[in-house]
Amino acid sequence: MIRLGRRRLAIGLLLFVVLPIVEIWLLVLLGQQIGALPVLAGVVVEGIIGSWLIRRRWRTAWQSLQEASAGGIGVPRSEDALPNALDTAVFVAGGIALIFPGMITDVIALICLIPFTRRLPKALLGRLVDRQLAGLDDLATRNGMPGGFGRRRGEPGYGDVIEGEVVDEPSDGNSSRRNPDEPVVIRGEIDDS
């Protein structure tokens with residue numbers, strides 16, 4: 001636990017203290033070579049392009065989520081939902097990196113934005129997500145939750161099936177039709193055999 005905290009602290013220091021100092025130093029060196037105005041213009045243009053890319057990708061991801069869930073209620077359960085989410089996350093991270101001024105973040109942005117180089121950060125993020133889901137699954141199993149979190153439909157231990165029947169009982173006793181705004185009562189028995 002302490003080792004994990006130290007690792008996060010080191011990554012935080014690297015990202016929020018060391019990286020900006022190195023980025024400023026590289027921008028000053030570049031400004032000395034080509035001039036301050038071209039460097040400033042490049043930083044502004046990169047910020048505009050990065051924010052445009054983020055907005056465009058979020059809009060596309062939102063539309064595809066709405067189309068995928070149009071047939072049913074809730075989040076779509078398609079097999080390619082996680083890879084699409086990972087691809088969107090890496091693309092948006094590239095757009096955010098492009099907004100930040102600096103040459104190192106520009107290289108990170110290009111890696112995340114170009115489709116054939118995006119595979120590496122997408123694979124790394126996928127492994128991180130799988131590791132986190134496995135940890136949640138272990139935690140859920142230890143706490144007595146059947147099936148855990150990381151299981152998919154059809155796998156052993158996904159969940160229990162409880163048989164029951166829907167009972168339509170009119171609330172006012174006179175009408176034979178049920179009001180669709182009222183909750184449905186489901187009666188059944190649980191057999192622990």
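Residues numbered from 1 in each chain as written. Predicted model: local features only at pLDDT ≥ 70, side-chain atom pairs only at ≥ 80, totals over all residues. Heavy atoms only, no water.

- An unreviewed UniProt entry lists the chain under the name FxsA family protein, with Microlunatus elymi given as the organism.

Considerations on the overall build of the chain
- Scanning the chain from terminus to terminus reveals five helices and two strands.
- In the chain, the succession of helices and strands from N to C terminus is α-α-α-α-α-β-β.
- Within the chain, the fraction of its 193 residues that count as buried is 18%.
- Sequence separation of 24 or more characterises 50% of the internal contacts of the chain that already satisfy a separation of 6 or more. (Helix = DSSP H or I, 4+ residues; strand = E, 2+ residues; numbered from the N terminus. Buried < 20%, exposed > 50% of the residue type's maximum accessible area, 1.4 Å probe, protein only. Contact = heavy atoms within 4.5 Å.)

Notes on helix 4 (residues 103-113)
- Thr105, Asp106, Ala109, Cys112 and Leu113 are the residues of helix 4 that are buried. Across the axial projection of helix 4, the buried residues extend over an arc of 125°, all falling on one side. (Arc of directions from axis to C-beta.)

Things to note about the pattern of salt bridges
- Across all of its chains, the model carries two salt bridges by this definition.
- Shared partners join several salt bridges into a network, and the residues in it are Arg57, Asp87 and Arg118. (Salt bridge = Lys/Arg side-chain N within 4 Å of Asp/Glu carboxyl O.)

Considering the UniProt feature "transmembrane region" (unreviewed entry) in the chain
- Look at the UniProt record and you will see "transmembrane region" (unreviewed entry) annotated at residues 9-28, 34-54 and 89-116.
- Helix makes up 100% of residues 9-28 and strand 0%, with an end-to-end C-alpha separation of 28 Å.
- Annotated as 79% helix and 0% strand, the span residues 89-116 places its first and last C-alpha atoms 16 Å apart. (UniProt positions renumbered as here; feature names shortened; annotations may be inferred.)

Comments concerning the packing of aromatic side chains
- Tallied over the full model, the rule gives zero aromatic pairs.
- Of note, Arg57 hangs over the ring of Phe91, and the distance from its end group to the ring centre comes to 4.7 Å. (Phe/Tyr/Trp six-rings, centres within 6.5 Å; stacked < 30°, edge-to-face > 60°. Lys NZ or Arg CZ within 6 Å of the ring centre and 35° of its normal.)

Observations concerning the nonpolar core
- Counting six residues, the largest nonpolar core is built from Leu53, Phe91, Ala97, Leu98, Ala109 and Leu113.
- Among the secondary structure elements, those contributing two or more residues to this core are helix 3 (81-99) and helix 4.
- The leading source of residues in this core is helix 3, at three residues. (Core = buried A, V, L, I, M, F, W, Y, C linked by side-chain atoms within 4.5 Å.)

Things to note about the side chain of Arg118
- Counting through the fold element by element, Arg118 comes out in the loop between helix 4 and helix 5 (119-142).
- Here Asp87 takes part through its side chain, which lies 3.0 Å from a polar atom of the side chain of Arg118.
- Setting aside anything within four residues of it in sequence, one finds Arg118 in contact with Arg57, Asp87, Val90, Phe91, Ile111, Cys112 and Leu113. (Polar contact = N/O pair within 3.5 Å; in protein donor to acceptor, adjacent residues only side chain to side chain.)

Topic: the confidence of the model for the chain
- Residue-level pLDDT values for the chain average 76, and 60% of them are 70 or greater.
- Strand 1 (residues 164-167) is the least confidently modelled element of the chain, averaging 65 in pLDDT, while helix 4 averages 92, the highest of any element. (pLDDT = per-residue confidence, 0-100.)

Things to note about a nonpolar patch on the surface
- A cluster of nonpolar residues, Leu9, Ile11, Leu13, Leu14, Leu15, Phe16, Val17, Val18 and Ile21, forms a patch on the protein surface that exposes about 900 Å² of accessible area.
- Within the secondary structure, Leu9 is located in helix 1 (residues 2-34). (Patch = residues over 30% accessible without salt bridge, like charges linked within 9 Å, V, L, I, M, F, W, Y side chains within 5 Å. Areas by Shrake-Rupley, 256 points an atom, 1.4 Å probe, with all protein chains shown as cover.)

Quick notes on the side chain of Thr105
- Considering the arrangement of structural elements, one finds Thr105 in helix 4.
- Residue Thr105 is classed as buried on the basis of its relative accessible area of 8%.
- A polar atom in the side chain of Thr105 sits 3.2 Å from the backbone oxygen of Phe100.
- Ignoring any residue separated from it by four or fewer positions in sequence, one finds Thr105 in contact with Leu19, Glu23, Ala97 and Phe100.

Remarks on the environment of Ile96
- With respect to the helices and strands, the residue Ile96 is situated in helix 3.
- Separated by 43 residues in the primary sequence, Ile96 and Leu53 place their C-alpha atoms 9.1 Å from one another.

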